[in-house]
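Residue-level structural notes
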Amino acid sequence: MSAASAGLLEVKEEVFWAEYARVYETVLTRFSAYRDLVERIVTSQPPPRRVLDVGCGPGIVSRALVANGCRVVGVDYNPEMVRLSGARSGDYRRMDAAALDFEDGSFEGVVSNNVLYFVPDPVAALAEMHRVLAPGGLLTLSAPRAGFDMRVLDRQLARDVDGCADYPLREAHAEFLAFNRQLDTGGMRNLFEPDALVRLLLDRIGFARVVRHELAYLEQSYFLVLAKSENPSCRS
């Protein structure tokens, strides 16, 4: 791919995510499976601790972590997501997941939800998450797994919204489904099988052990919690 083509693709993706951001929070906060996932993420990072939310979107997970007693910094590459999250109180910054502008060991926890499937270099992003974790810190990672079925999520979301008299919500739901169809037909680059991702995190990235290894989001996403070594001189 030429540099010009790559630049055009990046512009198109930024436009897509800016449009997606308009309906993302409106719809997902009404989605029972998503609320369950957020609760799992929050309970995986016991307070008090400083947590980095990589790919924070409009700040749903970040705010839930803060409400549970954590100190949170949220980062996202999309400027519209950062604008939406920053419209509320909190520390939100535009940043590339593969080039986190923090010192080594800056956080006791890192969370990343629904991010890994679209970053251009997931290995680099995971290595950065490991780098900024303090010794003994926890990474919580969730995203669609290989072979996931978007229709399962869409059917449950339709049941959650069905019968709601809130017209703006129903309109946002229709837009959200249209965006999901675009993602399902080519917007998802990196769909990992959970076991393969765990092996990558342990053997290549350098995490020490698996704390939780589950399926979530109506079994369409993996939910992983891994610990960094307590010994800063020990890579794994």
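Above: the structure in question.
Residues numbered from 1 in each chain as written. Predicted model: local features only at pLDDT ≥ 70, side-chain atom pairs only at ≥ 80, totals over all residues. Heavy atoms only, no water.

Looking at the overall build of the chain
Scanning the chain from terminus to terminus reveals eight helices and seven strands. Split into buried and exposed, the 236 residues of the chain put 49% on the buried side. A separation threshold of at least 6 residues defines the contact pool for the chain, and within that pool the share at least 24 residues apart is 71%. If you sum the accessible surface of the chain, you get close to 11,000 Å²; carbon and sulfur atoms cover 51% of it. (Helix = DSSP H or I, 4+ residues; strand = E, 2+ residues; numbered from the N terminus. Buried < 20%, exposed > 50% of the residue type's maximum accessible area, 1.4 Å probe, protein only. Contact = heavy atoms within 4.5 Å. Areas by Shrake-Rupley, 256 points an atom, 1.4 Å probe, with all protein chains shown as cover.)

Observations regarding helix H3 (residues 60-67)
Note on helix geometry: an α-helix contains 3.6 residues per turn, so any two residues three or four positions apart are oriented the same way. Among all positions of H3, only Ile60, Val61, Ser62 and Leu65 are buried. Downstream of H3 by a residue or two, Gly69 has a phi angle that is positive, lying close to 105 degrees.

What to know about the side chain of Lys228
Among the secondary structure elements, Lys228 is positioned in the segment after strand E7 (221-227). Buried within the structure, Lys228 lacks any salt-bridge partner; its nearest side chain of opposite charge belongs to Asp104, at an N-O separation of 7.1 Å. Of the polar contacts made by the side chain of Lys228, one reaches the backbone oxygen of Leu133; its length is 2.7 Å. When neighbours within four sequence positions are excluded, Lys228 is seen to be in contact with His130, Arg131, Leu133, Ala134, Pro135, Gly136, Gly137, Phe207 and Ala208. (Lys, Arg positive; Asp, Glu negative; His and termini not counted. Salt bridge = Lys/Arg side-chain N within 4 Å of Asp/Glu carboxyl O. Polar contact = N/O pair within 3.5 Å; in protein donor to acceptor, adjacent residues only side chain to side chain.)

Details of helix H2 (residues 32-43)
Its 12 residues give H2 an end-to-end C-alpha distance of 17 Å, which sits within 8% of 16 Å, the value for a rise of 1.5 Å per residue. Regarding H2, the residues found buried are Ala33, Tyr34, Leu37, Val38, Ile41 and Val42. (Expected span 1.5 Å × (residues − 1).)

So, the pairing of E7
Of all the seven residues making up E7, seven are buried; the element is thus mostly covered by neighbouring parts of the structure. Side chains Ser221, Phe223, Val225 and Ala227 of E7 all project onto a buried face; the interleaved residues Tyr222, Leu224 and Leu226 project onto the opposite face, where all are buried too. For strand E5 (residues 133-144) and E7, the ladder comprises seven bridges, and the chain directions are antiparallel. Across the sheet, Ala143 pairs through a bridge with Tyr222, a residue of E7. Of the strand pairs in this sheet, strand E6 (residues 209-216) and E7 are connected by seven bridges, and their pairing is antiparallel. Counted as the bridge partner of Leu215 is Tyr222 from E7. Connecting the antiparallel pair E6 and E7 is a turn made up of four residues, with Tyr217 showing a positive phi of about 55 degrees. (Pairing = 2+ DSSP bridges.)

Looking at the pairing of E5
Among the 12 residues that make up E5, 10 are buried, leaving the element largely enclosed by the rest of the structure. In this region the chain leaves strand E4 (residues 107-113), passes through helix H5 (residues 122-132) and returns to the parallel neighbour E5; the handedness of that crossover is right-handed. (Right-handed = clockwise from strand over helix to strand, strands pointing away.)

Here we look at the nonpolar core
If you look at the biggest cluster of nonpolar residues, it comprises 36 residues, and the most contacted ones within it are Phe31, Tyr34, Leu65 and Tyr217. For this core, the secondary-structure elements that each account for two or more residues are helix H1 (3-28), H2, H3, helix H6 (150-161), helix H7 (167-187) and E7. At seven residues, the largest contribution of residues to this core is made by H1. Setting aside residues no more than four positions away along its own chain, Phe31 makes contact with Leu153, Gln156, Leu157, Asp160, Tyr217 and Leu218. Of all hydrophobic cores here, the second largest spans 32 residues; its members include Ala97, Val115, Leu126 and Val198. (Core = buried A, V, L, I, M, F, W, Y, C linked by side-chain atoms within 4.5 Å.)

These results come straight from atomic positions and should not be treated as a statement about function.
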